[in-house]
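Spelled out, the chains give:
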Amino acid sequence: MNRQAQAVVLLLLGGAVIRASLTDLHLRYVKEGLRPFLVAAGLLLVAAAVMTLFYELRPLLRRTPAGHDGHDGDDSHDGHGHDGDDGHAHHEPRVGWLLILPVLGLLLVAPPALGSYAAGQAGTAVATRQQPSDYPPLPDGDPVRVAVLDYASRALFDRGTSIGDRRVQLTGFVTTGPDGRPLLARMVLSCCAADGRPVKLGLTGAAPDGLADDTWIEVTGRYSDRIARDPVNDAEIPYLDVESWRQVPVPRQQYE
């Protein structure tokens, strides 16, 4: 792979990053707040590729049409390091062409966000602490919308004291628990999908049954003091006493 080819690959990569950043595709890889940094990185890649192409093609653009081909006289040494003193060309490793694979992946493949399979392979991200935690009262509303992570934290850290008898409404995807019963889960990210971990909730009461994994649902219910153990990391999984539920479309932002 010569420098021109490297620049083209770099240009395609930068364009793919910009394309993903300006659409919702980037939400499958990173948190929404990182979009400006992705756009900036894509623009830098494109700028570096354009400058490399200009540097490499400049000798061709400066040739004169009057028979001067730019290879006689002192110009014979202007080869940008492609030819050695012995006249043999130096070939770059062909493995360099593998760099185009991630570019094609960004341009042609749109992988789904982390879902039930990832949730089943990792332990729940919420672990109880020894000291009590002070949570503010839930916002007004009946039911009040809360994140899966917020409910799990309140249910475990202060055993539902900050929830009380309030009705809550949560949205997440279905994943099958070790006992074959459905769990409500949501993936949480610290930075990107590589560090994504699930928050899992057990469902009791009028819990859904027979739904396929990765089905997104909205559940309404109340705090339950029931606790289970995650077999992956032995962390506690809180429960929600479901009063009603409905299937919903996949949300634009699938991570918390």
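Here's what I pulled together on the structure shown here. Predicted, not measured: the structure shown is a model, and the values here were computed from it.

As a further point, take the pairing of strand β4 (residues 197-205). Judged from the six bridges that link them, strand β3 (residues 182-188) and β4 form a sheet pairing that is antiparallel. Bridge pairing links R186 to V199 in β4. In the sheet, β4 pairs with strand β6 (residues 236-247) via four bridges, with the strands oriented parallel. The residue of β6 that forms the bridge with L203 is L240.

Moving on, we get to the pattern of salt bridges. In the structure shown here, the tally under the stated rule is 13 salt bridges. We note a salt bridge from D150 to R154, for which the minimum N-O separation is 3.0 Å. Separated by four residues within a single helix, D150 and R154 lie in helix α5 (residues 148-157), roughly one turn from each other. Judged by its relative accessible area of 24%, D150 falls in the partly exposed class. Residue classification places R154 among the buried positions, given a relative accessible area of 5%. The salt bridge involving E243 is made with R222; its shortest N-O contact spans 2.7 Å.

A separate point is the nonpolar core. Soluble globular proteins: nonpolar side chains tend toward being buried together. Core analysis: the largest hydrophobic core is formed by 24 residues, its most contacted members being V146, Y151, V168, L170, L184, L201 and L240. The set of elements that each furnish at least two residues to this core consists of α5, β2 (168-176), β3, β4, β5 (216-229) and β6. Here this core takes six residues from α5, the largest share from any one element. With residues near it in sequence (within four places) discarded, L184 still touches V148, L170, G172, F173, V199, K200, L201, L203, I217 and V219. Residues A113, A119, M187 and Y255 belong to the second largest nonpolar core, which totals nine residues.

To continue, consider helix α1 (residues 3-21). Relative to the 27 Å expected for 19 residues at 1.5 Å per residue, α1 spans 27 Å between its end C-alpha atoms, a close match to the ideal helical length. Those residues of α1 lying buried are A5, A7, V9, G14, A16, V17, I18, A20 and S21.

In this section: the pairing of β2. Of all nine residues making up β2, eight are buried, and the element is well covered by its neighbours. In this fold, strand β1 (residues 144-145) hands off to α5, which returns the chain to β2; that crossover is right-handed. Here β2 runs beside β3; their pairing, made up of four bridges, is antiparallel. Among the inter-strand pairings, F173 is bridged to a residue of β3, identified as A185. Between β2 and β3, which pair antiparallel one after the other, the connecting turn spans five residues, and G180 there sits at a positive phi close to 85 degrees.

Moving on: the environment of G115. Here G115 shows up in the loop between α3 (100-108) and α4 (116-121). Residues contacting G115, with those up to four places away along its chain left out, are F173, M187 and D214.

Across the junction of D142 and P143, the peptide omega takes the value -5 degrees, indicating a cis bond. Here P143 is to be found in the loop between α4 and β1. Here R159, not a glycine, exhibits a phi torsion of approximately 55 degrees, which is positive. Taking the relative accessible area as the measure of exposure, R159 reaches 42% and is therefore partly exposed. For D234, which is not glycine, the phi torsion reads 65 degrees and is therefore positive. Position of D234 among the secondary structure elements: in the loop between β5 and β6.

How each quantity is defined
- Residues numbered from 1 in each chain as written.
- Predicted model: local features only at pLDDT ≥ 70, side-chain atom pairs only at ≥ 80, totals over all residues.
- Heavy atoms only, no water.
- Pairing = 2+ DSSP bridges.
- Helix = DSSP H or I, 4+ residues; strand = E, 2+ residues; numbered from the N terminus.
- Salt bridge = Lys/Arg side-chain N within 4 Å of Asp/Glu carboxyl O.
- Buried < 20%, exposed > 50% of the residue type's maximum accessible area, 1.4 Å probe, protein only.
- Core = buried A, V, L, I, M, F, W, Y, C linked by side-chain atoms within 4.5 Å.
- Contact = heavy atoms within 4.5 Å.
- Expected span 1.5 Å × (residues − 1).
- Right-handed = clockwise from strand over helix to strand, strands pointing away.

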